[in-house]
Amino acid sequence: MSGAGVHRHILKNRRAASPAVSMVIITAATVVMVLVSGSYAFQVLERQQAAREFETVQKSILAFDDAVRDIAWDRGGSRSVRFTTNYGIMRLMSSSKSFQITTSQFSYTFTTGVVKYDMPSSYFTLGNGYSSYILGDESTVVSSLADSFGQALVKQEAGFASIALNYRVRVSQEGPSTLVGSTPINYVDILVIRLNCTDLSLGSGDFDLVAKNVGLNTTSYGPYPVGNAGTISVASDGVPTKSIQLDLENGQVMFNLIIADVRVST
């Protein structure tokens, strides 16, 4: 074969190879694009599912609060609420929060457990500095029946979004004073729901969280002269102390500290 013929043969082979090489490149690029888009779509889907789970757990926390309040004053009562977690972790935290109740006559300190749910920021984030109560507010003590007994805080923390549930102190004045002999006595109830649990982390899956009343005890203090006994203050873990002013009639005052122990378990 002459030199010109060899050259034409090489050009012909190159032209024949070009479509095949192009097809390989296009196929490879398509595979890469499919893999990248598939990975991105999977991440988006996971985050959407995680966001739905976070919202659902909030509703379950509110339902669990209903269960706790239903059985808190029912000796031996028990109720459960179903939770489903796949992306976050439910935690039972024993003795996680402390309170100190103070009057001019006595003080009482107690610790309570906290029910908490954490979701890593890789799945879901609320935004830097986010903090909002879905139950109650930052106050450590309440006196109105319109105020929530529970505190449920939704918060963005370092590396995760969280929901934490615990209970604060409620002060209730039992109407007008009662005459005992010739002395009017004011009765004031100090109500505490104390969560008892062992430290536990619950991973993915469905489970029931159970609230059971395991104790209901009343301790009375007094009677004391009304004098300066018109204020009850409650302090808690770095939160500003909150005080309740009582509207007491002249005479004496009796304080009833009523503690409901609620065991939380699975």
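Q: Tell me about the packing of aromatic side chains, and please be specific about residues and values.
A: Per the stated rule, a full pass over the model turns up 12 aromatic pairs. Ring centres 5.9 Å apart and planes at 5° place the aromatic pair Phe-83 and Phe-207 in the stacked group. A residue pair is termed long-range when its members are at least 10 positions apart, and Phe-83 in strand S1 (residues 78-85) and Phe-207 in strand S12 (residues 205-225) qualify at 124 residues. Classification of Phe-207 as buried rests on a relative accessible area of 12%. Between Phe-106 and Tyr-221 the ring centres are 4.0 Å apart and the planes differ by 0°, which places this aromatic pair in the stacked class.

Q: Report on the side chain of Thr-85, specifying residues and quantitative values.
A: Along the polypeptide, Thr-85 turns up in strand S1. Leave out the neighbours within four places in its chain, and Thr-85 touches Glu-53, Val-57, Tyr-117, Leu-202, Gly-203, Ser-204, Gly-205 and Phe-207.

Q: I'd like a rundown of the nonpolar core, residues and numbers included.
A: In this structure, Phe-64, Phe-83, Val-115 and Leu-209 are the most contacted members of the largest nonpolar core, which totals 39 residues. With eight residues, the top contributor of residues to this core is helix H1 (residues 3-71). Contacts of Val-115, omitting those with residues within four sequence positions, involve Ile-61, Phe-64, Met-90, Arg-91, Leu-92, Ile-163, Ala-164, Leu-165, Leu-195, Leu-209 and Val-264. With 23 residues, the next largest nonpolar core counts Val-169, Val-226, Ile-244 and Ile-259 among its residues.

Q: Can you tell me about the pairing of strand S3 (residues 107-120), naming the residues and giving the values?
A: On any regular strand, side chains alternate: one points to one face of the sheet, the next to the other face. With 10 of 14 residues buried, S3 lies mostly within the body of the structure. Pairing of strand S2 (residues 89-102) with S3, which is carried by 11 bridges, proceeds in the antiparallel orientation. Bridging from a neighbouring strand, Phe-99 pairs with Phe-110 of S3. Here S2 folds back onto S3 in antiparallel fashion, the turn holding four residues. Across six bridges, S3 lies against strand S7 (residues 160-167) in antiparallel orientation.

Q: Can you lay out the environment of Thr-103 for me, pointing to particular residues and giving the numbers?
A: Locating Thr-103 in the fold gives a position in the loop between S2 and S3. Judged by its relative accessible area of 9%, Thr-103 falls in the buried class. Here the alpha-carbon distance between Thr-103 and Ile-232, two residues 129 residues apart in the chain, equals 5.0 Å. In contact with Thr-103, not counting residues within four places along its chain, are Thr-231, Ile-232 and Phe-255. Within the structure, Thr-103 has its side chain in polar contact with the backbone nitrogen of Gln-105 (distance 3.1 Å).

Q: Got a sec to walk through the pattern of salt bridges? Specific residues and values, please.
A: Between side chains of opposite charge, a pair can form as their charged atoms come close. As enumerated under the stated definition, the model contains nine salt bridges in all. Salt-bridge contacts for Glu-55 lead to Lys-59; the nearest nitrogen and oxygen are separated by 4.0 Å. Placement of both Glu-55 and Lys-59 in helix H1 is noted, with a separation of four residues, approximately one turn of the helix. For Glu-55, a relative accessible area of 45% gives the class partly exposed.

Rules and cut-offs
Residues numbered from 1 in each chain as written. Predicted model: local features only at pLDDT ≥ 70, side-chain atom pairs only at ≥ 80, totals over all residues. Heavy atoms only, no water. Phe/Tyr/Trp six-rings, centres within 6.5 Å; stacked < 30°, edge-to-face > 60°. Helix = DSSP H or I, 4+ residues; strand = E, 2+ residues; numbered from the N terminus. Buried < 20%, exposed > 50% of the residue type's maximum accessible area, 1.4 Å probe, protein only. Contact = heavy atoms within 4.5 Å. Core = buried A, V, L, I, M, F, W, Y, C linked by side-chain atoms within 4.5 Å. Pairing = 2+ DSSP bridges. Polar contact = N/O pair within 3.5 Å; in protein donor to acceptor, adjacent residues only side chain to side chain. Salt bridge = Lys/Arg side-chain N within 4 Å of Asp/Glu carboxyl O.

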